[in-house]
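Residues per chain are reported as follows:
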Amino acid sequence: MRGFVTALAITAFSTAALAQAVPVDGQVTKINEAQGKITLKHGPIKNLDMEGMTMVFVVADPSMLNAVKVGDKVKFEADRVNGRITVTKIEKAT
Ligand SMILES: [Cu+2]
């Protein structure tokens, strides 16, 4: 039983490590504050196995939309949250 528990713990750890979001370059093309959505032209998102494209994301917290505006170049992280591809972090690129 002890070995089984250890194996489970290791599996959970590696899955978390693989799913680790990495910073992605993007540019804001549209913001919908009412719906908590942002459209980003983005580069490849490795942790989501996604090529570069322009698409709509939901944001984890609508207040994140106050930090950026249309036309801004940004760095962001995206992940699957409850089955939806969600921006979990975003900041203006310097
Ligand atoms: Cu995409």
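The structure under discussion appears in the preceding block.
Residues numbered from 1 in each chain as written. Predicted model: local features only at pLDDT ≥ 70, side-chain atom pairs only at ≥ 80, totals over all residues.

A. Fine view of the environment of Lys 75. Turning to its location among the elements, Lys 75 is positioned in strand β4 (residues 73–81). Judged by the 14 C-beta atoms lying within 10 Å of it, Lys 75 is partly exposed. A C-alpha to C-alpha distance of 8.2 Å links Lys 75 and Lys 89, two positions 14 residues apart in sequence. Look past the residues within four positions of Lys 75 in its chain and what remains in contact with it is Pro 23, Asp 25, Glu 91 and Ala 93. (Helix = DSSP H or I, 4+ residues; strand = E, 2+ residues; numbered from the N terminus. Buried ≥ 20, exposed ≤ 12 C-beta atoms within 10 Å, placed from the backbone. Contact = placed C-beta atoms within 7 Å.)

B. Examining unusual backbone geometry more closely. At Asp 49, a position not held by glycine, the phi torsion is positive, near 55°. As for its placement among the helices and strands, Asp 49 is situated in the loop between β2 (37–42) and β3 (53–59). Residue Asp 49 is classed as exposed on the basis of its 7 C-beta neighbours within 10 Å. In the Ramachandran plot, Asn 82 falls in the positive-phi region, its phi being about 50° despite a non-glycine side chain.

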